Amino acid sequence: MAGFKWAPWGVLAAGLSINLQAQTLPEVVNQALQAYPSIQAAAAQTSAARADIARARSAHYPQLGMSATANAYSSGVFPSGTSRTALSPTAKLNLWSGGKIEAEVERAQALTQAAEFSEASTLDDVAQLAAEAYLNWAKTADLYSLAVHNVNAHQDTLSDIRKIVEVDKGRRADYEQALVRMESAQLAMQQRKSDFTQAIQRVQRFWRTDMDARPVGVDKAVAQTGPLGNIPDTLAQAMAMVSPQLPAIAQARAKVLAAQAAVRVAKGQQWPTVDFTVSRQQNSATGRLEALSQLQVNAPLYNGGGSTAAVEAAVGQLKAAEFAQEEAKILAREKVALAWQEWASAKGRAATGSKQSLVGDKLVDAYRQQFRIAKRSLLDLLNVQADAFGYRTAAQAAFHDERLARVRLLAAAGDLANRFAAEPGRLLTPAP
C-alpha cells in the first residue's frame, strides 16, 4: 500500500453507479417549486378556498328548484284539479339576511387570502428544503474530499515510518502508532462518504432524473448577481426585510379578517331574514295549479341561547387570531434576526478558519521535512496533521454554513422562492 493514493471522485463514482448529468442549484430548486407535492397541495387548497367564495355569493342569487310528485288514491278517483303526476317549480330570492350573506362572502375572501399566503409560505419552505439539500450535498462533497486528502497524508507518514522501521527495528512501535492513526483517518473518510451518499439521496427528493457526481455552479449561485447573493450587510438592513407582506404575517392578518367576518356571520343569525318565494301549487278553493307568491319573514325569537353562544365563540376565535397575528410578527422578526446572526457568525468563522488552515498546512509540511531528518518525533507530526485536518474541516464547514445561512435568511424574509423563480412572483405549474 506504500504507493496507493485515494482518488475521491473516481472511487466514489465507481461505488455509487451515478449517471452523470449536470444540474445546478437553480435548476434543482425550480424543479422543486414546480412539482413538489406540498406545493401542489397548497395550490389545491387555494383553489378550494376560491371556490368557497362563489358558494357564499350564491346565496345572493335566486334559488330555483323543481319538485315532482306521483299521486295515488286507494279508490283510484282523483279530486278535481289533481292528476297522477305533478311538477312544481319553485323560486326563492333573499331580500335581506341581516348581513349574514355579506359576512359569509367576506369570510370566504379572507380565508382565500390566507390560503394564498400559506401557498407563498410553502413555496419558500420548499425552496429552502431544496436549496439546503443541494448545499449540504456540496458541503459533504468537500468534507469527503478533505477526508480523502487526510488519508493520503497519513499514508505518506506511514510510508515514511515504514522505511525507517526497515532500517531500525526498534521503531516498530512508531509504525503501529502511525498505522492506528491511518486506520482512524480511514474510518473518518468512510463516515464522510456515507454522509455524502445520504446527501445525494436528499437532493433526489427534489430532482427526479439522473444526478451528477458532484454539485456544479454553486459559486455562481452565491455571487452578488446570483439567487443567493445580495445579502444585507447589517442586522438593521435584515430586519427591514420583515414587512407586513411577509407571508407568515400576511396569512395571520387574513385569518384575523376571516375571524372578524365570522363574528358578523354569528351576529347575523340573530336578525330576521326576508325571502321572496314563487311556487306552483294547487289552489284548494279552485282545485287548480296556480302560481303562489309569498313574502316570508323569519325572525329568531328564542333558541336556548344558541345564537348568543355562537357570537361569544366567534369573538373568542377573533381574539385568538389577533394574538396569533402578534406572535407571527414577533416570530418573523426573531427568525430573520437569528438567521442573519447565523450568517454573520459563519462568515467570520470561515475567514478565521481559512487563515488557520493555511498555517496548519505549512506546519504539516515543515514538520514532515523535520521528521524526515530526525528533527521532529513521529508523535509531533501526527499531532500537527490532526490539528491541520481539524482546522481545514472547521473552515470548510463554516464556508458552507455561510451559504446555508443565506438560504435560511432569505427564506425567513419571504424572498427565497421568488429569487429562484424564472419569473419572480409567478411559478409555473407543470402540465398534467
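All values reported here derive from a predicted model rather than from experimental measurement.

## What about the overall build of the chain?
Right, so step 1: Across its full length, the chain carries 11 helices and 4 strands.
Right, so step 2: Relative to the globule expectation of 22 Å for 432 residues, the C-alpha radius of gyration of the chain, 36 Å, shows a markedly less compact shape.
Right, so step 3: With respect to the three principal axes, the spread of C-alpha positions in the chain is 130 × 55 × 40 Å.
Right, so step 4: Here the chain holds 432 residues, and 38% of them are scored as buried.
Right, so step 5: Counting every atom, the chain has about 23400 Å² of accessible surface; 55% of that belongs to carbon and sulfur.
Right, so step 6: Computing the positive centroid from 46 side-chain charges and the negative centroid from 39, the chain places the two 1 Å apart.

## A short note on the nonpolar core
Right, so step 1: Ranked by size, the top nonpolar core spans 51 residues in total, and within it Leu25, Val29, Leu33, Trp137, Leu228 and Leu416 carry the most contacts.
Right, so step 2: At the level of elements, helix H2 (25–35), helix H4 (100–167), helix H5 (172–203), helix H6 (218–221), helix H7 (235–239), helix H9 (306–372), helix H10 (378–412) and helix H11 (416–420) are the ones that each hand at least two residues to this core.
Right, so step 3: Ranked by residue count, the leading element in this core is H4, at 11 residues.
Right, so step 4: Excluding anything up to four places from it in sequence, Val29 contacts Ala127, Ala130, Ala131 and Phe420.
Right, so step 5: If you look at the next biggest cluster of nonpolar residues, it comprises 20 residues, including Val151, Met182, Tyr367 and Leu381.

## Side note on the sheet that holds strand E3 (residues 273–282)
Right, so step 1: Sheet architecture is open: 4 strands sit in the order E1-E2-E3-E4, paired in antiparallel fashion. Here the strands that pair on one side only, and so sit at the sheet edges, are strand E1 (63–70) and strand E4 (289–298). Neighbouring strand axes in the sheet, compared pairwise and without regard to direction, differ in orientation by 20 degrees on average.
Right, so step 2: Examined bridge by bridge, strand E2 (residues 85–96) and E3 share 6 bridges and lie antiparallel to one another. By the bridge assignment for E3, Leu93 is matched with Phe276.

## Observations concerning the confidence of the model for the chain
Right, so step 1: Confidence along the chain averages 86 in pLDDT terms, with 90% of residues attaining 70 or more.
Right, so step 2: Contacts of residues 13–20 to residues separated by more than four positions or lying in other chains number 14 contacts, the stretch itself having pLDDT below 50.
Right, so step 3: Segment residues 423–432: pLDDT under 50, and 11 contacts once partners within four positions in sequence are set aside and those in other chains are kept.

## Looking at the pattern of salt bridges
Right, so step 1: Taken as a whole and judged by the stated rule, the model has 17 salt bridges.
Right, so step 2: Put simply, Arg368 and Asp160 hold a salt bridge, and the shortest N to O gap is 3.8 Å. In this pair, Arg368 sits in helix H9 while Asp160 sits in helix H4, placing the two residues 208 residues apart along the sequence.
Right, so step 3: Given a relative accessible area of 9%, Arg368 falls into the buried group.
Right, so step 4: Overall, the relative accessible area of 12% leaves Asp160 in the buried class.

## Side note on unusual backbone geometry
Right, so step 1: Its identity is not glycine, yet Asn230 carries a phi of approximately 55 degrees, on the positive side.
Right, so step 2: You can see Asn230 is positioned in the loop between H6 and H7.
Right, so step 3: With a relative accessible area of 48%, Asn230 lands in the partly exposed category.
Right, so step 4: You will see that Ala374, though not glycine, has its phi angle at about 65 degrees, which is positive.
Right, so step 5: Turning to its location among the elements, Ala374 is positioned in the loop between H9 and H10.

## Describing H10
Right, so step 1: Its 35 residues give H10 an end-to-end C-alpha distance of 50 Å, which sits within 8% of 51 Å, the value for a rise of 1.5 Å per residue.
Right, so step 2: Looking at the residues trailing H10, positive phi occurs at Gly414, about 70 degrees.

## Considering the packing of H5 against H10
Right, so step 1: Viewed as axis vectors pointing N to C, H5 and H10 meet at an angle of 15 degrees, and their least axial separation amounts to 10 Å. Classified by the interaxial angle, the pair formed by H5 and H10 is roughly parallel. Seen from above, H5 lies across H10 with left-handed handedness. In this structure, H5 contributes Asp174, Gln177, Ala178, Arg181 and Arg192 to the contact, and H10 contributes Leu378, Leu379, Leu382, Asn383 and Thr393.
Right, so step 2: Along the lines of polarity and charge, the residues of the contact of H5 with H10 split into 4 nonpolar, 3 polar and 3 charged.

Quick notes on the rules
- Along every chain, residues carry numbers that run from 1 in the direction the sequence is written.
- The predicted origin of the model limits local features to residues at a pLDDT of at least 70 and limits the giving and counting of side-chain atom pairs to 80 or more, whereas totals for whole chains, interfaces and linings rest on all residues.
- Hydrogens are left out, water is left out, and the side-chain values use all remaining heavy atoms of the structure.
- Secondary structure counts use DSSP, requiring at least four H or I residues in a row for a helix and at least two E residues in a row for a strand, with both numbered from the N terminus.
- Both definitions apply: the radius of gyration is a C-alpha atom measure, and the globule rule equals 2.2 Å times residues to the power 0.38.
- Think of it in three bands: with a 1.4 Å probe and only protein chains considered, a residue is buried below 20% of the maximum accessible area for its type, exposed above 50%, and partly exposed in between.
- Note on areas: Shrake-Rupley, 1.4 Å probe, and residue coverage restricted to the protein chains presented here.
- Positive charges come from Lys and Arg alone, negative charges from Asp and Glu alone, with His and the N- and C-terminal ends not counted.
- In this description, the location of a charge corresponds to atom NZ of lysine, CZ of arginine, CG of aspartate or CD of glutamate.
- Here, nonpolar core means buried Ala, Val, Leu, Ile, Met, Phe, Trp, Tyr and Cys residues that are tied together by side-chain atoms lying within 4.5 Å of each other.
- It only takes one pair of heavy atoms within 4.5 Å for two residues to be counted as in contact.
- The rule for pairing is simple: two strands pair if DSSP sees at least two bridges between them.
- Think of each axis as a best-fit line through the C-alpha atoms, taken over the contacting stretch in the case of a helix, with angles from 0 to 180 degrees between the N-to-C directions.
- Per-residue confidence from the predictor is given as pLDDT, running between 0 and 100.
- The term salt bridge refers to a side-chain nitrogen of Lys or Arg lying within 4 Å of a carboxyl oxygen of Asp or Glu.
- Take the number of residues in a helix, subtract one, and multiply by 1.5 Å to get its expected span.
- Convention used here: angles under 35 degrees read as roughly parallel, angles over 145 as roughly antiparallel, angles from 65 to 115 as roughly perpendicular, and any remaining angle as oblique.
- Working rule for handedness: look at the near helix, and if it is turned counterclockwise from the far one by less than a right angle, call the crossing left-handed; if clockwise, right-handed.
- Each residue is assigned to one class: nonpolar for Ala, Val, Leu, Ile, Met, Phe, Trp, Tyr, Cys and Pro, charged for Asp, Glu, Lys and Arg, and polar for all the others, Gly among them.

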